[in-house]
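Residues per chain are reported as follows:
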Amino acid sequence: MPNASDQSFPFPILIGDIGGTNARFALLTDAYGEPRQLEPIRTGDFATIEEAMQKSILDKTSVQPRSAILAVAGPIKGDEIPLTNAHWVIRPKDMLASLGLEDVLIINDFEAQALAIAAPADQDVVQIGGGAVRPFNSRVVLGPGTGLGVAGLVYAQHSWIPVPGEGGHVDLGPRTERDFEIWPFLEPIEGRMAGEQILCGRGIMNLYRAVCAANGEAAVLADQAAVTTSALSGADAAAVETVSLFATYLGRVAGDMALIFMARGGVFLAGGISQKILPALMKPEFRAAFEDKAPHSALMRTIPTFAVIHPMAALSGLAAFARTPRDFGVAMEGRRWRR
Ligand SMILES: Nc1ncnc2c1ncn2[C@@H]1O[C@H](COP(=O)(O)OP(=O)(O)OP(=O)(O)O)[C@@H](O)[C@H]1O
């Protein structure tokens, strides 16, 4: 059993959320202060993460971090961690050697999102529909963004334990008559429809093209931002239906995840897209699909659903963990490097 000093990180701590497109950092100087947010950087602008951290953080502050806790989108195995959607390879041993750090922990990006939903501030979430949080019950976070991330958060032995997985890749099948009209036109992955084929940025386009094809119309909108913008303004009927179906399918998968984790502590929608289509998620479709889980609809009505509107939710989760690691059951074996 590790002792308390093994679990904590020496301050100042640099926390970072390294996405496929953007990397966001903040500095935490002690356990009580607010994290000082740094200017976000684009991963494409720097050849390596060490160069990005040196030039855009360390050269611009007099605070020398002693630890770094970074959340990355990609599998964490061994001493070389490639990012899923970017060219950087994270080499924690190089970071220790070249950036003057003593302690580096790398976790999964959706683990960080799960840490953020342990105790979100009221102003950081918006409730969609009814239900109420049951304290210390399991929670789930789903994030439609570049992909569809999913993680659970389970309370046990006085700590919140994030449970990252590949929940975005569950099967998604047709249920309504309209679904059966649209499904033949959806692009599958190796012959099957996974959640992530629809419930992410490129998935919006997949769904939009299928809706247009089912209607026998040309797909005229160029990208997912055009589809969601035209849907929210009501300017394009196929876009309106696309976003309505997106909300329905997200509700179905969110409901499935709630059932798997018995998430009476709440289901949270993170990811860039949830914030961008919030008015559509507040309409009846998302919540109706979430609750439509016979024989458990009565149970589902009691489970609250929220959109996370904190612009840097993963960083807030990392900050909570960095302050008091012992409140969280984050496995560090094979993911922590120390000098
Ligand atoms: N207005 C919009 N409507 C719908 N989708 C959008 C919109 N703007 C961006 N997207 C899509 O959202 C996805 C990016 O989501 P998100 O901002 O959550 O990024 P991410 O997965 O966290 O990765 P990163 O942090 O690297 O950006 C992309 O597929 C992008 O095309």
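Residues numbered from 1 in each chain as written. Predicted model: local features only at pLDDT ≥ 70, side-chain atom pairs only at ≥ 80, totals over all residues. Heavy atoms only, no water.

Labelled according to UniProt, the protein appears under the name Glucokinase, originating from Sinorhizobium medicae. The protein has a UniProt comment under Catalytic activity that states "D-glucose + ATP = D-glucose 6-phosphate + ADP + H(+)". UniProt annotates the protein under Sequence similarities with the comment "Belongs to the bacterial glucokinase family." (UniProt positions renumbered as here; feature names shortened; annotations may be inferred.)

This brings us to unusual backbone geometry. Cis geometry marks the peptide bond from Phe-11 to Pro-12; its omega dihedral reads -5°. Tracing the sequence through the fold places Pro-12 in the loop between helix H1 (4-7) and strand S1 (13-18). The omega torsion of the bond from Ala-294 to Pro-295 falls at 5°, within 30 degrees of zero and hence cis. A positive phi is found at Glu-190, a non-glycine position, where the angle reads about 45°. Tracing the backbone shows Glu-190 in the loop between helix H5 (177-182) and helix H6 (201-215). (Helix = DSSP H or I, 4+ residues; strand = E, 2+ residues; numbered from the N terminus.)

Our next topic: the sheet that holds strand S13 (residues 267-269). Read across the sheet, 6 strands follow the order S9-S14-S13-S10-S11-S12 without closing on themselves; strand pairing throughout is mixed. Two strands lie at the open edges of the sheet, namely strand S9 (125-128) and strand S12 (159-164), each paired on one side alone. Across the sheet, the mean angle separating the axes of adjacent strands is 25° when strand polarity is ignored. Judged from the 4 bridges that link them, S9 and strand S14 (residues 305-308) form a sheet pairing that is antiparallel. Among the inter-strand pairings, Val-125 is bridged to a residue of S14, identified as Val-308. Sitting on the sheet, helix H4 (residues 109-116) touches strand S10 (139-144), strand S11 (148-156) and S12, and the angle it makes with S11 is about 50°. Where helix H8 (residues 237-261) meets the sheet, its contacts fall on S10, S11, S12 and S13, and the angle it forms with S10 comes to roughly 150°. (Pairing = 2+ DSSP bridges. Axes fitted to C-alpha atoms, helices over the stretch in contact; angles between N-to-C directions. Contact = heavy atoms within 4.5 Å.)

What follows covers H4. Where burial is concerned, most of H4 is hidden: 8 out of the 8 residues are buried. Along H4, the residues classified as buried are Asp-109, Phe-110, Glu-111, Ala-112, Gln-113, Ala-114, Leu-115 and Ala-116. Along its buried surface, H4 packs onto strand S5 (67-72), strand S8 (103-108), S10, S11, S12 and helix H13 (313-323). A distance of 2.8 Å separates the backbone nitrogen of Phe-110 from a side-chain oxygen at the start of H4, and that oxygen is part of Asn-108. (Buried < 20%, exposed > 50% of the residue type's maximum accessible area, 1.4 Å probe, protein only. Polar contact = N/O pair within 3.5 Å; in protein donor to acceptor, adjacent residues only side chain to side chain.)

In summary, soluble globular proteins display a tendency toward joint burial of nonpolar side chains. Within the largest apolar cluster, 48 residues are counted, with the highest numbers of intra-cluster contacts made by Leu-142, Ile-198, Leu-199, Leu-207 and Val-267. Per-element accounting of this core gives the leading share, 12 residues, to H8. Dropping the residues within four chain positions of it, Leu-207 is found in contact with Ile-182, Leu-186, Ile-198, Thr-242, Leu-245, Phe-246 and Tyr-249. Core analysis: the second largest hydrophobic core is formed by 36 residues, Ile-13, Ile-107, Ala-313 and Leu-318 among them. (Core = buried A, V, L, I, M, F, W, Y, C linked by side-chain atoms within 4.5 Å.)

As a further point, take the domain arrangement of the protein. Here the protein is described as being made up of domain 1 (4-109 + 321-338) and domain 2 (121-308). Averaged C-alpha coordinates put domain 1 and domain 2 at centres separated by 30 Å. Counting residues at the interface gives 7 residues for domain 1 and 7 residues for domain 2. Between domain 1 and domain 2, the buried area comes to about 450 Å², and carbon and sulfur atoms account for 58% of it. The three residues of domain 1 that bury the most area against domain 2 are Asp-327, Phe-328 and Gly-329, which together make up 58% of that side's buried surface. Summed over the shared surface of domain 1 and domain 2, the number is 0 salt bridges. The interface formed by domain 1 and domain 2 contains 2 residue pairs in polar contact (both at pLDDT 80 or more). The residue makeup of the side of domain 1 that touches domain 2, split by class, is 2 nonpolar, 3 polar and 2 charged. (Domains from an automatic or database assignment. Buried area = accessible area lost by both parts, 1.4 Å probe. Salt bridge = Lys/Arg side-chain N within 4 Å of Asp/Glu carboxyl O. Nonpolar A, V, L, I, M, F, W, Y, C, P; charged D, E, K, R; others polar.)

Taken together, 16 residues form the shell around the ligand, and within it Gly-20, Thr-21, Gln-224, Thr-228 and Gly-272 come nearest. A distance of 3.4 Å is found between an oxygen atom of the ligand and a backbone nitrogen or oxygen belonging to Asn-22. Compared with its free state, where it exposes 640 Å², the ligand has 72% of that area covered by protein. Of all the secondary-structure elements, those providing two or more residues to the shell around the ligand are strand S2 (22-28), H6, helix H7 (224-233) and helix H9 (271-276). No other element matches H9, which puts 4 residues into the shell around the ligand. (Near = heavy atom within 4 Å. Areas by Shrake-Rupley, 256 points an atom, 1.4 Å probe, with all protein chains shown as cover.)

Across all of its chains, the model carries 16 salt bridges by this definition. Between Glu-196 and Arg-202 there is a salt bridge, with its nearest N and O atoms 3.7 Å apart. The network of salt bridges with common partners includes Arg-178, Glu-181 and Glu-241.

This brings us to the packing of aromatic side chains. In total, this model carries 7 aromatic pairs according to the counting rule given. Summarising the aromatic geometry, the rings of Phe-9 and Phe-321 are spaced 6.0 Å apart at their centres and angled 65° between planes, so their arrangement reads as edge-to-face. Taken together, the positions of Phe-9 in the loop between H1 and S1 and Phe-321 in helix H13 put the pair 312 residues apart, joining distant regions of the chain. Residue Phe-9 shares its accessibility class with Phe-321, and that shared class is buried. Where Phe-268 meets Phe-306, the ring centres are 4.9 Å apart and the plane angle is 20°; that geometry is what we call stacked. Here the residue Phe-268 occupies a position in strand S13, and Phe-306 occupies one in strand S14, the gap between them amounting to 38 residues. For the pair Phe-268 and Phe-306, one class covers both residues: buried. Put simply, the rings of Phe-9, Phe-321 and Phe-328 touch in pairs and so form one group of aromatic residues. The ring of Phe-9 is capped by Arg-336, whose NZ or CZ atom sits 4.2 Å from the centre of that ring. (Phe/Tyr/Trp six-rings, centres within 6.5 Å; stacked < 30°, edge-to-face > 60°. Lys NZ or Arg CZ within 6 Å of the ring centre and 35° of its normal.)

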